[in-house]
Structure formats: C-alpha cells, structure tokens
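Structural overview
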Amino acid sequence: MRTDHVDPADLAALRAAFQVDDGGESALGWEAVRAFEAEHGIVLPEPYRTFVAEITDGSYSGPPEYGLVGLAELPDDWGDDRPERILSRPFPLTSGWLWEDDPRPLEEIGPLLEPVFNDGSIVLGTDGCGMYWHLVVTGPHRGHIWNICGEGATPFGAEFGYTTAESGFVGWVRHWAAHKPLFDAE
C-alpha cells in the first residue's frame, strides 16, 4: 500500500465507484486540503488526499452505510460532548483490540480508549449504532482503514484476517463497490 504517491488507476477506480462527474465541483480543492493539513500538522495519505482535493469531499453513497463525510466533518451521531480530536498524535493501535473482552479493569482500559477514537485518524463516516470508519493519518498504520465502535477496534485489510479486501482507502472502496460484505473472511 502506497500512501505517498497516487496511482492514476486508483483515482479512476474511486471516480467509478462514486460515479462523480461534476467537473470537480464537489471536490475540496488543493488549497483547502493544504490548509486542513497545515491546521492539523499532518499530510493526508494518498489516494485519499487527491480524492478529496480533486474528486469529491464526501458522498451520500457509501461506504460507509450512511455515506462518506467530508474531510473536516464528523458523522451526525458522533456527539458534541467528545474530547478534542488531535490528528497529529499517532494513532495508538497496530492490531485489533476487543476491549469489551479485555480482562483489565475499566479504570485501566478507560484512559486507553480516548486516543483510539480521537488521535491520528480522520472519521470517514458511520454504519450507525456507534460504528465508525477511520482513516489513519499518523503513526505506523498511516493509510489503513479501521472500524472503531463501542466494543473494539478492527483494522481493515486481508492481512488482518477480517476481510478479503486489500488495505487502504482504495481497497475499502473497491470492496464496497463490488457489493461485498466489509468483513467477509471466514
């Protein structure tokens, strides 16, 4: 998975999946993307970076179930009482974690959860019921997609064992566009 250069074939796949043909009107534009990156002290991983700059910044069609939110947005069900999101801090996980089955006491687990939800990732959207899709923008998993919910966090990509899809934003979108269940590994 490359996150520093965009592959034209990946952009073509993203255009086809979202069926965007508005001459770039729904895109954010490079100036806005660079301003967002400067404000947050990050560089978005490719091809998502070019996708929001040149193709579209959000979409009512999925993925996820309730559509792709814009770069600077959060899903409607995110809630207003959450802590500040700090994108420049590294995303803390490198493997899945089902904290609802973690035997440690809540006093020990609680402080570890906030960074999972708020550090080093942008929220791409929701499948409802508190299930959010994140794109990691900093840390060892930069460029990977994660599903984070009230019970745990799961990385997306065949190498993690939960799906047959390739990793990253394009793999996630291609899998959705092929009408495959996002978690289709046996």
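See the structure above.
Residues numbered from 1 in each chain as written. Predicted model: local features only at pLDDT ≥ 70, side-chain atom pairs only at ≥ 80, totals over all residues. Heavy atoms only, no water.

**A look at the nonpolar core**
Side chains of a nonpolar character, in soluble globular proteins, are inclined to be buried together. The condition is simple: Residue types Ala, Val, Leu, Ile, Met, Phe, Trp, Tyr and Cys, when buried and joined through side-chain atoms within 4.5 Å, form a set referred to as a nonpolar core. Per-residue accessibility, obtained with a 1.4 Å probe over protein chains only, is compared with the maximum for each type, and a residue is labelled buried under 20%, exposed over 50%, and partly exposed between these values. Strands here are runs of E lasting at least two residues and helices are runs of H or I lasting at least four, both read from the DSSP assignment and numbered beginning at the N terminus. Every residue pair with non-hydrogen atoms within 4.5 Å of one another is taken to be in contact.
With 29 residues, the main nonpolar core has Leu 44, Tyr 48, Phe 51, Ile 122, Leu 124, Phe 169 and Trp 172 as its most contacted residues. Those elements that provide at least two residues to this core are helix 1 (8-18), helix 2 (30-40), helix 3 (48-55), strand 1 (121-128), strand 2 (131-136) and helix 5 (168-177). If you tally residues by element for this core, the top one is helix 3, at 5 residues. Residues in contact with Leu 124, not counting those within four places in the same chain, are Tyr 48, Pro 64, Gly 67, Leu 68, Val 69, Trp 133, His 134, Leu 135, Ile 145, Phe 169 and Trp 172. In terms of nonpolar packing, the next biggest core, distinct from the first, is built from 15 residues, Leu 93, Trp 97, Tyr 132 and Ala 153 among them.

**Quick word on unusual backbone geometry**
Between Glu 46 and the following residue, Pro 47, the backbone shows a cis peptide bond with an omega angle of 0°. Along the polypeptide, Pro 47 turns up in the loop between helix 2 and helix 3. Positive phi, normally seen in glycine, also occurs at Cys 129, with a value near 55°. As for its placement among the helices and strands, Cys 129 is situated in the loop between strand 1 and strand 2. A positive phi angle is found at His 179, which is not glycine, with a value near 60°. With respect to the helices, strands and loops of the structure, His 179 is situated in the segment after helix 5.

**Considering the sheet that holds strand 3 (residues 145-148)**
Quick note on the threshold: We call two strands paired when DSSP finds no fewer than two bridges between them. Between the N-to-C directions of two axes lies an angle of 0 to 180 degrees, each axis being a line fitted to C-alpha atoms and, for a helix, fitted only over the stretch in contact.
Strands sit in the order 1-2-3-4 across an open sheet of 4 strands; the sheet is antiparallel. The outermost strands of the open sheet, each flanked by one partner alone, are strand 1 and strand 4 (153-156). Recorded for the sheet is a direction-independent mean angle of 25° between the axes of neighbouring strands.

**Things to note about the environment of Val 123**
With respect to the element layout, Val 123 can be found in strand 1. The spatial distance from the C-alpha of Val 123 to the C-alpha of Asn 147 is 9.8 Å, given a sequence separation of 24 residues. Apart from the residues lying within four places of it in its own chain, the contact partners of Val 123 are Val 69, Glu 73, Leu 74, Pro 75, Trp 78, Arg 85, Tyr 132, Trp 133 and His 134.

**Remarks on the side chain of His 134**
Which entries qualify depends on this criterion: Counting of polar contacts relies on pairs of N or O atoms within 3.5 Å, with two restrictions inside protein: one atom must be capable of donating a hydrogen and the other of accepting it, and residues adjacent in sequence are counted only when both atoms are side-chain atoms.
Looking at the secondary structure, you find His 134 in strand 2. Within the local environment of His 134, its side chain forms a polar contact with the side chain of Ser 121, the two groups lying 2.8 Å apart. Apart from residues no more than four positions distant in its own chain, His 134 is found in contact with Trp 78, Arg 85, Phe 117, Ser 121, Ile 122, Val 123, Leu 124, His 144, Ile 145, Trp 146 and Ile 148.

**Topic: the pattern of salt bridges**
Put simply, the rule reads: Criterion for a salt bridge: a side-chain nitrogen of Lys or Arg within 4 Å of a carboxyl oxygen of Asp or Glu.
A full pass over the atoms with the stated rule returns 6 salt bridges. Asp 10 is the salt-bridge partner of Arg 174, the closest N and O atoms lying 3.3 Å from each other. Taken as a pair, Arg 174 in helix 5 and Asp 10 in helix 1 lie far apart in primary sequence, 164 residues in all. Residue Arg 174 is classed as partly exposed on the basis of its relative accessible area, which comes to 32%. A relative accessible area of 17% means that Asp 10 is categorised as buried.

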